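What follows is each chain in one-letter form.
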Amino acid sequence: MRAFFQGAFDFYRKIISLLPVYAARFLPIVDASSNSQRKHWHNWQVRLPPFWLHTLLNLTWLIIGISLRLTNLTAKPPWTDEFSTLVFSLGNNFLSVPLDQAIAPDILLQPLQPNPAASIGDVVHNLVTQDNHPPLYFVLAYLWMKLFKSDGGLVSLFGARSLPAIFGAASIPCVYILSKIAFRSPLVGHLTAAMMAVSPYGIFLAQEARHYSLAVLWVIGSLTCLVIATRHIQNRIPLPIWVALLWVGINALGFATHYFFSLTVCTEAVILIFLAWLQLQTSSKFSLFFSSGWRRIYAVAIGTLVAGLIWIPILLENKNRDNLTDWIRGSRVGLDWLSPIFQALGTLIAMISLLPVESSQALVVIPSGIVMLTFFIWAVPILLRGIKIQLQHPENRIMIQVFAYVVSSAIALFFIFTYFLGIDLTRGARYNFVYFPAIVVLLGASLAVGWHPPKEIKSLGKWGINGKKAAMLIWLMGFFSAVTVICNLGYQKYYRPDLFVQLIQQTSPTPVLIATAHKTYVHTGEMMGVARQIKLANSLQKPLFLLAHQDKDPNTSTIALENTLNKLPRPFDLWLVNFHAPVPEAVKICVKPDTQSMPSINGYEYQLYHCE
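Predicted, not measured: the structure shown is a model, and the values here were computed from it.

## Some thoughts on the sheet that holds strand β5 (residues 606-611)
Next up, step 1: Reading across the sheet, the 5 strands line up as β1-β3-β2-β4-β5 and stay open at both edges, with mixed pairing between neighbours. Lying at the two open borders of the sheet, with one neighbouring strand each, are β1 (102-103) and β5.
Next up, step 2: Across 6 bridges, strand β4 (residues 572-577) lies against β5 in antiparallel orientation. Opposite Trp575, over in β5, you have Leu608 as the bridge partner.
Next up, step 3: The sheet contacts of helix α26 (residues 555-567) involve β1, β2 (512-518), β3 (544-549) and β4, and relative to β3 the element is tilted by about 145°.

## Observations regarding the confidence of the model for the chain
Next up, step 1: On average, the chain scores 88 in pLDDT, and the residues at 70 or more come to 88%.
Next up, step 2: In this model residues 1-5 is a low-confidence stretch, pLDDT under 50, and it forms 1 contact with partners more than four residues away in sequence or in other chains.
Next up, step 3: A low-confidence stretch, residues 19-46 (pLDDT under 50), is modelled with 54 contacts involving residues beyond four sequence positions or located in other chains.

## With respect to the nonpolar core
Next up, step 1: Grouped together as the largest cluster of nonpolar side chains are 118 residues, with contacts concentrated most on Phe183, Leu239, Trp247, Phe403, Phe433 and Tyr435.
Next up, step 2: Top element by residues in this core is helix α12 (residues 212-234). It accounts for 15 residues.

## Details of the pairing of β2
For a regular strand, side-chain orientation follows a simple rule: the groups alternate between the two sheet faces.
Next up, step 1: In terms of burial, β2 is largely enclosed, as 7 of its 7 residues are buried.
Next up, step 2: The side-chain alternation of β2 yields two buried faces, one formed by Val512, Ile514, Thr516 and His518 and the other by Leu513, Ala515 and Ala517.
Next up, step 3: Direction of pairing for β2 relative to β4: parallel, over a ladder of 4 bridges. Each bridged residue has a counterpart across the sheet, and for Ala515 the counterpart in β4 is Leu576.

## What about the state of the cysteines?
Next up, step 1: All told, the structure shown has 1 disulfide when counted by the stated rule.
Next up, step 2: Across the disulfide from Cys590 sits Cys611; the S-S distance is 2.2 Å. Its torsion about the S-S bond being 105°, the disulfide of Cys590 and Cys611 is classed as right-handed. In this pair, Cys590 is assigned in the loop between α27 (585-588) and β5 and Cys611 in strand β5, connecting sequence segments 21 residues apart. As far as burial versus exposure is concerned, Cys590 and Cys611 are alike and both buried.

## Topic: the side chain of Thr267
Next up, step 1: Along the chain, Thr267 falls in helix α14 (residues 261-280).
Next up, step 2: Not counting residues within four places of it along the chain, the set of residues in contact with Thr267 comprises Val406, Ser409, Ala410 and Leu413.

## Re a nonpolar patch on the surface
Next up, step 1: A cluster of nonpolar side chains, contributed by Leu335, Leu338, Ile341, Phe342 and Leu345, occupies part of the molecular surface with about 530 Å² of accessible area.
Next up, step 2: Structurally, Leu335 is set in the loop between α18 (321-324) and α19 (339-350).
Next up, step 3: Classification of Leu335 as exposed rests on a relative accessible area of 68%.

Criteria and thresholds
- Residues numbered from 1 in each chain as written.
- Predicted model: local features only at pLDDT ≥ 70, side-chain atom pairs only at ≥ 80, totals over all residues.
- Heavy atoms only, no water.
- Pairing = 2+ DSSP bridges.
- Helix = DSSP H or I, 4+ residues; strand = E, 2+ residues; numbered from the N terminus.
- Contact = heavy atoms within 4.5 Å.
- Axes fitted to C-alpha atoms, helices over the stretch in contact; angles between N-to-C directions.
- pLDDT = per-residue confidence, 0-100.
- Core = buried A, V, L, I, M, F, W, Y, C linked by side-chain atoms within 4.5 Å.
- Buried < 20%, exposed > 50% of the residue type's maximum accessible area, 1.4 Å probe, protein only.
- Disulfide = S-S within 2.5 Å.
- Patch = residues over 30% accessible without salt bridge, like charges linked within 9 Å, V, L, I, M, F, W, Y side chains within 5 Å.
- Areas by Shrake-Rupley, 256 points an atom, 1.4 Å probe, with all protein chains shown as cover.
- Salt bridge = Lys/Arg side-chain N within 4 Å of Asp/Glu carboxyl O.

Put into structure tokens, the structure is as follows:
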């Protein structure tokens, strides 16, 4: 094992050490005494021009990133949100699934069947009337999934997940461009791209058939325009018209991908207000607010505002929006008030490192937790020291402040929504896409200091591991964290229909009815996961499903279940799954076995009854 890790360390050290020494010319923090290293790489600089060297390095990060994102892409079963992507992207909807009656798996899975008659108009119509998301990603997925053959008559899961995986990989060269423009340093760009390639959070977003990896691209693009605008505001020159138009266009696409992109725009507004305040210290109010440079910023703000406001009527007309967001609403008691803080902190940590701390085995959780704790005790001082040193340099200070304010403003908005509006955004780790690229850029900028530390700084951290070795170890931690995610040992799927189907097959030799209380298509998706697993496993057992609908009165689900039970021939096994309603009298006469010895299944809270 020691030989394995030593070999891996040497391998990745050689890859990362391709970072050109002369890149330090573009970073004001240089170690002028590294003459021997300059001589060592002299031949590389002669043989390989800078353009091709940077291209080679970017291809390396891209290959690593796309390989990680495509590995085990279909190994994890889809969950409810992914089912909504699959169904709506096909131009289908959930209304075709019958409620309050026993149905076969094929009927339940009908919305997952490719529909040649569906059009882009159907995709948009179904989304704006039944879902609470804008349609851009779903339209792209509609076009993309047509390239893939069906899987047993159902839409290809690989086709659906490969699109966000590609978008996730595209974020690697894009964040390189962002950080290179921000710090005028290819070195910062490469370190940022390298960390984006292995970020466990980035891989988590990219391996789900959802729109978050596309939204990350728009965040990167918008932040790039913000960086350019910051430079122009500093130099008191107008923003080029093409940049202003591009900025508005990117923001419009961001709104059309996810409504929470508006949080990124809000953080950018905070930055612009901060820049205006800085200039107010040296300019009169009149000359500042009516200068040609700020007039174009106002134009961008107006264009962005219009691009966002056009979605408000569509969102307000959706009757399902409150039901679909119930899971992030609710009251808190006692220590529950502290949960959002720990949830936000956990997401921040997982952007860099995530070992198998979610395992059900203590022998895995404890060592993983110790390693992560030790890693952060060692790494955090190094990273903070790097940020402090960057702040001391005038050319880099403003950019560190910009990205730091993006992160802090976004987190502040999350807590405002959570504690004052009663909408706990910290419960959804995926929503942190709004500031994720800024975290990676700050990480790359900090690591660049250690790569070429100033002469007066002898040590940035503890235990004698600094500089390039520290950067490589942090990258390797990210790599092993990425492997943790793709093996479903981190950011684990909340729904495990595969395990639930195995349990049914092992426990129920008789016909089966699986019943659940239904409110929205989220509950339809829960049952779709079970039905899909049964179909793909070619199981001889074909259970029936009951989606017992309820609006406000839980008893409506109870009545629907009782009516269905009276129509079914006996014997059969009844599995009540996530059935949040009173159990009818017809069920109480069935035999309820002892289920304490049976395993709990993520996403499926069940009760078993033998009805004879």
